[in-house]
Amino acid sequence: MDLVNRYFEHFNNHEWEKMAEMYTETAEFKDPSLGQGIVTQTREQIVKKYSELNEVFPDINDKVIQVYPSGEKHVIVEFVSSGTAPDGSEFELPICTIFTIENGKIIKDFTYYDNFEE
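What counts, and where the lines are drawn
- As a convention, each chain's residues are numbered from 1 in the sequence order in which they are written.
- For this predicted model, a pLDDT threshold of at least 70 governs which residues receive local features, and a threshold of 80 or more governs which side-chain atom pairs are given and counted, while totals over whole chains, interfaces and linings are taken from all residues.
- For the side-chain quantities, the full set of heavy atoms in the structure was used; hydrogens and water were omitted.
- Whenever Lys or Arg places a side-chain nitrogen within 4 Å of a carboxyl oxygen from Asp or Glu, that contact is recorded as a salt bridge.
- Strands are runs of DSSP state E lasting at least 2 residues, helices are runs of H or I lasting at least 4, and numbering of each runs from the N terminus.
- Strand pairing requires that DSSP identify at least two bridges connecting the strands.
- Comment: axis = line fitted to C-alpha atoms, over the contacting stretch for helices; angle = value between 0 and 180 degrees taken between N-to-C directions.
- Here, two residues are considered to be in contact whenever any of their heavy atoms come within 4.5 Å of each other.
- Each pair of aromatic rings taken from Phe, Tyr and Trp, with Trp reduced to its six-membered ring, is defined by centres within 6.5 Å and is described as stacked if the planes are under 30 degrees apart, edge-to-face if over 60, and tilted in the remaining cases.
- The buried label applies to any residue whose accessible area, calculated with a 1.4 Å probe on protein chains only, is under 20% of its type's maximum; exposed applies above 50%, and partly exposed to all values in between.

1. Description of the pattern of salt bridges
Thought 1: Applying the stated criterion across every chain yields a total of seven salt bridges.
Thought 2: Among the salt bridges present, the one from Lys48 reaches Glu52, with a minimum N-O distance of 2.6 Å. Of the two residues, Lys48 and Glu52 both sit in helix α3 (residues 43-56), four residues apart, roughly one turn of that helix.
Thought 3: Residues participating in the shared-partner salt-bridge network are Glu21, Glu25 and Arg43.

2. Structural notes on the sheet that holds strand β4 (residues 74-84)
Thought 1: Taken in spatial order, the six strands of this open sheet run β2-β1-β6-β5-β4-β3, and their pairing is mixed. With partners counted over all chains shown, the strands left at the sheet margins are β2 (39-42) and β3 (61-70), one partner each. Here the average twist between neighbouring strands, direction ignored, is 25°.
Thought 2: Pairing between strand β5 (residues 90-102) and strand β6 (residues 105-112): seven bridges, direction antiparallel. Bridge pairing in β6 places Ile98 opposite Phe110.
Thought 3: On the sheet, helix α1 (residues 2-12) packs against β1 (23-30), β3, β4, β5 and β6 and is oriented at approximately 165° with respect to β3.

3. Let's talk about the packing of aromatic side chains
Thought 1: The final tally for this structure, using the stated rule, is nine aromatic pairs.
Thought 2: Seen from their ring centres, Trp16 and Tyr50 are 5.6 Å apart, and the 20° between their planes marks the pair as stacked. Note that Trp16 is positioned in helix α2 (residues 16-20) and Tyr50 in helix α3, a separation of 34 residues in sequence.
Thought 3: Here Trp16 falls in the buried class, since its relative accessible area comes to 7%.

Listed below in structure tokens is the structure:
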């Protein structure tokens, strides 16, 4: 639980390097923005992805709604991501992530959200 709280603190402070350090050197991701299936990402790739996202949405922020511990290695987090694009349009996106944690590091980050454009 502490790890998850720290994770979202780093995210909301846009501390991408610190956030990436919370993962193992390479971690498995399920994320619609990365394509289908499970994708392996390095810490460098994590920093790059979130730095680029931050350029598009300078005020990006995640508001944690609920945290659900699940067994010894999993934490499920329900949150809402929001931000403002350069054109002034705003978004709110409900997201659910399942973190798998081993030895104090995130080894899997399986994220679910509706990726369809309106």
